[in-house]
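# Breakdown of the fold
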Amino acid sequence: MPVFAGTWKQDNVGWWYERDDKSFPKSIWEQIDGSWYYFNENGYMLSNQWLGNYYLGSTGAMLTNTVVDGYQVGADGAYIPASQSTGSSKSNTQNTSTSASNNSSNTGTVVNNRATDYILNKNSHVFHYSNCTAVQKMREHNKIPFSGTRDEAISKGYTPCQICHP
């Protein structure tokens with residue numbers, strides 16, 4: 001992955017990162033100074049929210065090796081299934097960001113099997129996050145928008161994508 005030098009900027013909407021070549025990241029994860037950040041379709045950094053299986057802390061950096069809202073996230077920043085702490089709503093802010101490997105397309109929240117938006121492929125019977133690269137290659141007539149939990153998609157006979165890992 002290329003490394004870009006640049007400058008953080010802020011306006012009344014939020015923070016964005018302007019690279020030295022005057023470009024800025026949009027709809028993508030980007031590693032800046034050793035931490036991973038996600039930028040929305042307008043180029044603004046997201047913060048204080050789940051993005052797929054990853055949590056973006058108050059600084060916008062993806063959190064790792066910590067507990068967020070009672071959910072354990074690992075060294076790669078991904079939520080660890082079946083790790084919800086009982087009776088805890090603790091939000092720890094330790095951050096030792098590493099890689100967001102193979103998950104740059106995640107856009108829905110799956111923590112604790114919460115409802116999220118998926119795209120079902122009626123031909124292959126695989127389900128994806130809506131921004132998965134496989135969805136972009138899918139024929140329009142095979143796309144079925146679906147809002148529900150991961151378990152509901154599986155109970156309908158669909159298999160999780162091996163690219164975006166919903």
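Residues numbered from 1 in each chain as written. Predicted model: local features only at pLDDT ≥ 70, side-chain atom pairs only at ≥ 80, totals over all residues. Heavy atoms only, no water.

### Concerning the packing of aromatic side chains
This model, assessed by the stated rule, comprises eleven aromatic pairs. Between Trp16 and Tyr44 the ring centres are 5.9 Å apart and the planes differ by 85 degrees, which places this aromatic pair in the edge-to-face class. On the criterion of sequence distance, the pair formed by Trp16 in strand β2 (residues 15-19) and Tyr44 in the loop between β4 (35-39) and β5 (49-51) is long-range, its members being 28 residues apart. On the basis of relative accessible area, Tyr44 is assigned to the buried category, the value being 17%. Measuring from centroid to centroid gives 6.0 Å for Tyr118 and Tyr129, while their planes differ by 35 degrees, and the two rings are tilted. Of the two residues, Tyr118 sits in strand β9 (residues 116-121) while Tyr129 sits in strand β10 (residues 126-129), which places them eleven residues apart along the sequence. Of the residues examined, Tyr129 reaches a relative accessible area of 0% and is grouped as buried. Taken together, the ring pairs connect Trp8, Tyr17, Tyr37 and Phe39 into an aromatic cluster. (Phe/Tyr/Trp six-rings, centres within 6.5 Å; stacked < 30°, edge-to-face > 60°. Helix = DSSP H or I, 4+ residues; strand = E, 2+ residues; numbered from the N terminus. Buried < 20%, exposed > 50% of the residue type's maximum accessible area, 1.4 Å probe, protein only.)

### Looking at unusual backbone geometry
We note that Asn48 has phi near 50 degrees; this positive angle belongs to a residue other than glycine. For Asn48, the location among the structural elements is in the loop between β4 and β5.

### What to know about the confidence of the model for the chain
Chain-level pLDDT for the chain is 78 on average; 77% of the residues reach the 70-or-more range. Mean pLDDT values for the elements of the chain range from 80 in strand β11 (residues 143-148) up to 95 in β2. Note that pLDDT drops below 50 for residues 83-113; the model gives that stretch 102 contacts with residues more than four away or on any other chain. (pLDDT = per-residue confidence, 0-100. Contact = heavy atoms within 4.5 Å.)

### Considering the sheet that holds β9
Ordered by their spatial adjacency, four strands build an open sheet running β11-β9-β10-β12, and the pairing between neighbours is mixed. The open sheet terminates on both sides in strands that have one partner only, identified here as β11 and β12 (159-160). Here β9 pairs with β10 via three bridges, running antiparallel. Each bridged residue has a counterpart across the sheet, and for Leu120 the counterpart in β10 is Phe127. (Pairing = 2+ DSSP bridges.)

### Observations regarding the UniProt feature "repeat: Cell wall-binding" (unreviewed entry) in the chain
UniProt feature "repeat: Cell wall-binding" (unreviewed entry): in the numbering of this structure it lies at residues 26-45. For residues 26-45, helix accounts for 0% and strand for 50%, while the C-alpha atoms at its two ends are 9 Å apart. (UniProt positions renumbered as here; feature names shortened; annotations may be inferred.)

### Concerning the pairing of strand β1 (residues 6-10)
The sheet contact formed by β1 and β2 spans five bridges and is antiparallel. Bridge pairing in β2 links Trp8 to Tyr17. The hairpin turn running from β1 into β2, its antiparallel successor, is four residues long.

### Some details on the environment of Trp15
Positionally, Trp15 belongs in strand β2. C-alpha of Trp15 to C-alpha of Gly43: the two residues are 28 residues apart in sequence and 8.5 Å apart in space.

### Focus on the side chain of Glu30
In this structure, Glu30 sits in strand β3 (residues 28-32). With relative accessibility at 4%, the residue Glu30 sits in the buried group. Side chain to side chain, Glu30 and Arg19 meet in a polar contact 2.4 Å long. (Polar contact = N/O pair within 3.5 Å; in protein donor to acceptor, adjacent residues only side chain to side chain.)

### Notes on the pattern of salt bridges
Between side chains of opposite charge, pairing is possible as soon as their charged atoms come close. In total, this model carries four salt bridges according to the counting rule given. The closest approach of N and O atoms between Lys22 and Glu18, which form a salt bridge, is 3.6 Å. On the accessibility criterion, Lys22 (59% relative accessible area) is exposed. When its relative accessible area of 17% is taken as the criterion, Glu18 is described as buried. (Salt bridge = Lys/Arg side-chain N within 4 Å of Asp/Glu carboxyl O.)

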